[in-house]
Each structure stands twice: as structure tokens, then as C-alpha cells.
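# Geometric and topological summary
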Amino acid sequence: MFMQNSLSLTDYVHIKRQKRIEHKRIRSLIPRYLARLNDRDLSITTLNLNGLGVDSQILRLLSGPLLSGETRVQELYLQHNRIGPEGATCIARILSQDKHLKVVSLAHNPVGCVGVMAIASALEQNSSLEKLDLSHCDIDDDGVQKLAHSLKSNSKLKYLYLEGNYISSVGVHNLLKCVYNTSSMQSLWESNHTLRAFYGQRSIYSPSFPETAANRQLLQQLGEILATCNRRYSTPGCSTASNALTNNTPYKINARIAACKILRHYLREKMLEYWECVESMEEKLVPNVIGWLVRYGDVGVIYGVVRDMPWLLEKKADGKALRGGNPVLVDEK
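Treat the numbers as computed from the prediction; the structure is a model and nothing was measured. (Residues numbered from 1 in each chain as written. Predicted model: local features only at pLDDT ≥ 70, side-chain atom pairs only at ≥ 80, totals over all residues. Heavy atoms only, no water.)

## Describing the overall build of the chain
Note the cut-off: Runs of H or I in DSSP of at least four residues are treated as helices and runs of E of at least two as strands, each being numbered from the N terminus. Where accessible areas are quoted, they stem from the Shrake-Rupley method and a 1.4 Å probe; at the residue level, only the protein chains shown are allowed to cover.
The helix and strand tally for the chain stands at 12 helices and 7 strands. When the accessible surface of the chain is summed, it comes to about 17,600 Å², and 50% of that surface belongs to carbon and sulfur atoms.

In C-alpha cells:
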């Protein structure tokens, strides 16, 4: 019975031999890449090391040429390897200094909470990375909290994939707070306005994040903020309120997104019919106007100011509507 269900000795030896050949072939790719990088080969823009058994030792060898500043690698793929906390620290060192990497994928690696905290700290200093895949990396809520905090200092990263980690509703709340912190107007202004997605083809799922009505609502709110604010204004041609986004600087685009979030939170659904009118005003006016409305106005007052907003902006051009940088209601007499 055992012999019928097992391989013959000849087949076993053949399979082992093929695996050894394949292993040697795969491992030989890494020395070749290292040799080219050490020779400052600028033609290497994509480094695909998926499933090649990359560990912290190999990453230390890679970090040398990448940190030299004399390579032009823009995409680094390291999926399905053996990158743990120590290897993630090597990646963090690269991210904190490299000026060319735009895509890094660490999916399906045992990065863990310690490793992701090192990467999060590096993101505070990074100014080039646009896409980071940390799906299935054994990250928990503590790691997500550190990521959310660090991303408030990062204005370049657009896509952060986190599906398949041990994230509960606490972690998702931290992600929402990262892009939409409603504790104050200043915190809304200082939220992250460049992130467009926290997951790829599948939504955030985890045994710690069961399919409940509250969790679905939480994900829906996160998705709406990213869609109606961050993605809407960061993509040229998607905003009806601004026809010249292509000529705007990143700062102006972020200011427009921040203004949109402030309007969304303080005007809420009662003022959706006046949204476009207020949304079209200069973004620097928004915090002052909305702050004044929240302190002193009710819905009727808000309606009156919103109705007169185009007139106030016209007066501003003549120096009559702004005094000391704050909005002032001007007597029409």
C-alpha cells in the first residue's frame, strides 16, 4: 500500500536533481543583479526578486549599491521571501535615504510589527515612494497605528496595501484618522491628503475584522473619504470645482483636498446643495470661514454666508472683504 502511493526511487532522485538545478539557477540571479548594481548599471530600473529566498543577509548586500545614490532602481519586488524584522530594517534604511524608488512590494513576508514600525519611521523621511505593498506581512493594530502616524508626515505615498494582516476595527479607525482626523479643524488640515487606497483587489479583511454592519460602515466611510476627497482632487480633470489642477503645485492640490474635508465635516449633509459654491472659493479662506460659522452660526446663518460668498470674494479683490487675513462681512450700504 505504501509503495503504491509513493514515488519510485528513480522519480524521487530525478525530482531532487531538478530542484537543485532550479535552486542554483534562481540563486545565481541574485549575484548577477548584485554585480550589475555594484558596477553602477543605470539600465536596471526594476529589481524583481520575488520568491528567490531573499533574507536579511542578501538585503544588506543590496543596500550598499542602492544607498550609494549611483543606481536608478525605481521598482523593487520582494514578494514571497524570508524578510523578517531584521530584513525590514534594511528596507527601512534604504527608504530613508533612497531618492529613486517608487514601488516596493514586501507582500507575503513575515515583516511583523517591529519591522513595519521601522518602515513607518523611514516613510517620514522618504520623498519618492508612491506604492508600498505590505499585504500578508503579519502586521497588527500597533503597526498600523505607527504607519498612520508616520504618514501624516509623508506627502508622496499614494497606495499602501494592507489586506491580509491582523487588523481590527481599531486599526481601521487609525487609518481613517490618518486621512480624516475630525478632532479639530487644524487636525483636518494636517491629515494625509495624498493616499488614494489602503488595499488592492480585495478590501481589508482579517479574522480580527469580522463582517459586521459596524465594520462595513467603517470601511465605507474610509472609502468615501478617499474617493470624494483624496482621489477626486489629486487626479487632473476629475474635479468640477477646479479646472486648472494640472497647473497647480502639490501644495495647492493638498490645500484643496484639505478644504474639501473641512467642508465635508462641518457642513455635513445639510449643506450639500451649496457645496459647489463654497468649494470653489480660495482654499485658504475655508478654515477661517467655516470656523466663524461653527462658532457663531446656525443653518440659516450658514446659508446666508454661503449665498453671499461669491460677492465676498469679489470684494476681496478690492481689499474690502479681507482684513488681517480673516473673512469680514462687508456692509452693502
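## Brief notes about the pattern of salt bridges
Our working definition: Salt bridge criterion: a side-chain nitrogen from Lys or Arg within 4 Å of a carboxyl oxygen from Asp or Glu. Exposure classes here rest on a 1.4 Å probe applied to the protein chains alone. A residue is buried below 20% of its type maximum, exposed above 50%, and partly exposed in between.
Applying the stated criterion to the full structure yields 7 salt bridges. E124 is the partner of K146 in a salt bridge, and the nearest nitrogen-oxygen pair spans 3.7 Å. Of the two residues, K146 is situated in helix α5 (residues 141-150) and E124 in the loop between α4 (112-123) and β4 (131-133); the sequence distance between them amounts to 22 residues. Of the residues examined, E124 reaches a relative accessible area of 32% and is grouped as partly exposed.

## Topic: the sheet that holds β4
Our working definition: In this analysis, strands are considered paired if DSSP registers two or more bridges between them. Interaxial angle, 0 to 180 degrees, is taken between N-to-C directions of lines fitted to C-alpha atoms, where a helix line uses only the stretch in contact.
In spatial order, the strands read β1-β2-β3-β4-β5; together these 5 strands make up an open sheet with parallel pairing. Since the sheet does not close on itself, it has two edges, and those belong to β1 (46-48) and β5 (159-161), each with one partner. Averaged over all adjacent pairs, the angle separating strand axes in this sheet is 0 degrees, with direction ignored. Bridge analysis of strand β3 (residues 103-105) against β4 gives 3 bridges, and the strand direction is parallel. Residue pairing across strands places V104 opposite L132, the latter belonging to β4.

## Focus on the packing of aromatic side chains
What counts is decided by this rule: Each Phe, Tyr or Trp ring (for Trp, its six-membered ring) is paired with any other whose centre lies within 6.5 Å, and the angle between the two planes then decides the class: stacked below 30 degrees, edge-to-face above 60, tilted in between.
For the structure shown, the criterion picks out 1 aromatic pair. On the basis of an interplanar angle of 50 degrees and a centroid distance of 6.4 Å, the ring pair of Y159 and Y161 is categorised as tilted.

## Some details on the nonpolar core
Just so we agree on the cut-off: Among the buried residues, those of types Ala, Val, Leu, Ile, Met, Phe, Trp, Tyr and Cys that are joined through side-chain atoms within 4.5 Å form a nonpolar core. Pairs of residues are marked as contacts when any of their non-hydrogen atoms sit within 4.5 Å.
In this structure, L134, L160 and F198 are the most contacted members of the largest nonpolar core, which totals 62 residues. Elements that contribute at least two residues to this core include exactly α1 (9-38), α2 (56-67), α3 (85-97), α4, α5, α6 (169-179), α7 (185-189) and α8 (213-234). By residue number, the principal contributor to this core is α3, which donates 6 residues. Once you skip the residues sitting within four places of it in the chain, F198 turns out to touch L160, Y161, L162, E163, L175, V179, I204, L222 and L226. Grouped together as the second largest cluster of nonpolar side chains are 5 residues, C229, I253, I257 and C260 included.

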